[in-house]
Amino acid sequence: MADWISDPVLGVRHLPTAVAYYTDVLGFSCPDGIFVPDADEGGVYAIVERNNARIHLQIRRREINASRESIEGDAYIYVDDAKALFAELEQQDDIRIHRRPVNSSYGLTDFVIEDVDGNRITFGAETTS
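All of the points below concern the structure found in this document. The shown structure was predicted, so the numbers you read here are calculated from the model rather than taken from an experiment.

### Some details on the overall build of the chain
What the chain contains, in helices and strands, is two helices and eight strands. Along the chain direction, N to C, the helices and strands of the chain fall in the order β-α-β-β-β-β-α-β-β-β. Looking at the chain residue by residue over its 129 residues, the buried ones come to 37%. A separation threshold of at least 6 residues defines the contact pool for the chain, and within that pool the share at least 24 residues apart is 53%. Roughly 8000 Å² of accessible area belongs to the chain as shown, and the carbon and sulfur atoms make up 47% of that amount.

Here's what the structure looks like:
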């Protein structure tokens, strides 16, 4: 049986802005570019990736993530070292930190960032100390 892989799909208001945030601020790449089915419509879909983690970005024309509780997130990405990744990302001018790294009671150290559309991405790793 093959391993399962999960790629979250997140809604965004403006695809080029969202892709720029993920590539320039979070260090993802967008190898296939932005899918533009019709020049009049503009970009509607893109896949960004970093270290085998992928996030699908899809244009949304309605309200995104209106009001939510602070514990609500949209995607959880397991990484090798959450604290090292946080140290890298917090150097970025445009990073939107929702929660700094914490050692949780469930054995993971994780932190939460918020993208330009209000999507919350949690990065976590097993707590080592």
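### Topic: the environment of Val116
Within the secondary structure layout, Val116 lies in the loop between strand 7 (108–114) and strand 8 (120–126). Each C-alpha atom of the pair Val116 and Ile95 lies 9.3 Å from the other, and the pair is 21 residues apart in sequence. When near neighbours in sequence (up to four residues on either side) are disregarded, Val116 contacts Thr17, Ala18, Tyr21 and Arg96.

### Description of helix 2 (residues 82–89)
Within helix 2 the residues assigned to the buried category are Ala82, Leu85, Phe86 and Leu89. Taken end-on, helix 2 shows its buried residues confined to a sector of 100 degrees, consistent with a single buried face. Elements in contact with the buried residues of helix 2: helix 1 (15–25), strand 3 (45–50), strand 6 (97–103), strand 7 and strand 8. Backbone nitrogen of Lys83 and a side-chain oxygen of the N-cap are separated by 3.2 Å at the start of helix 2; the cap is Asp81.

### Examining the sheet that holds strand 6
What the four strands build is an open sheet, ordered 5-8-7-6; its pairing is mixed. Looking along the sheet, the strands with just one partner apiece sit at the ends: strand 5 (75–78) and strand 6. If you compare each strand with its neighbour and ignore which way they point, the axes differ by 15 degrees on average. Where strand 6 lies against strand 7, four bridges are found, and the strand directions are antiparallel. Across the sheet, residue Arg99 finds its bridge partner in strand 7, namely Val112. Across the sheet, helix 2 touches strand 6, strand 7 and strand 8, and the angle it forms with strand 7 is around 25 degrees.

### Comments concerning the layout of surface pockets
In this structure, the largest pocket spans a volume of roughly 510 Å³. Along its surface, the largest pocket is lined by 23 residues, and Asn51, Ala53, Ile77, Tyr78 and Val79 are the ones closest to its centre. Contributing elements (two or more residues each) for the lining of the largest pocket: strand 4 (53–59), strand 5 and helix 2.

### Considering the side chain of Asn119
By the secondary structure assignment, Asn119 is in the loop between strand 7 and strand 8. Separated by 2.9 Å, the side chain of Asn119 and the backbone oxygen of Gly11 make a polar contact.

Cut-off values and rules
Residues numbered from 1 in each chain as written. Predicted model: local features only at pLDDT ≥ 70, side-chain atom pairs only at ≥ 80, totals over all residues. Heavy atoms only, no water. Helix = DSSP H or I, 4+ residues; strand = E, 2+ residues; numbered from the N terminus. Buried < 20%, exposed > 50% of the residue type's maximum accessible area, 1.4 Å probe, protein only. Contact = heavy atoms within 4.5 Å. Areas by Shrake-Rupley, 256 points an atom, 1.4 Å probe, with all protein chains shown as cover. Arc of directions from axis to C-beta. Polar contact = N/O pair within 3.5 Å; in protein donor to acceptor, adjacent residues only side chain to side chain. Pairing = 2+ DSSP bridges. Axes fitted to C-alpha atoms, helices over the stretch in contact; angles between N-to-C directions. 1 Å grid on protein atoms, 1.4 Å probe; cavity = no way out; pocket = protein on both sides within 12 Å on 5 of 7 lines; lining within 4 Å. Points joined across faces, edges and corners; volume = space filled by probe spheres on them.

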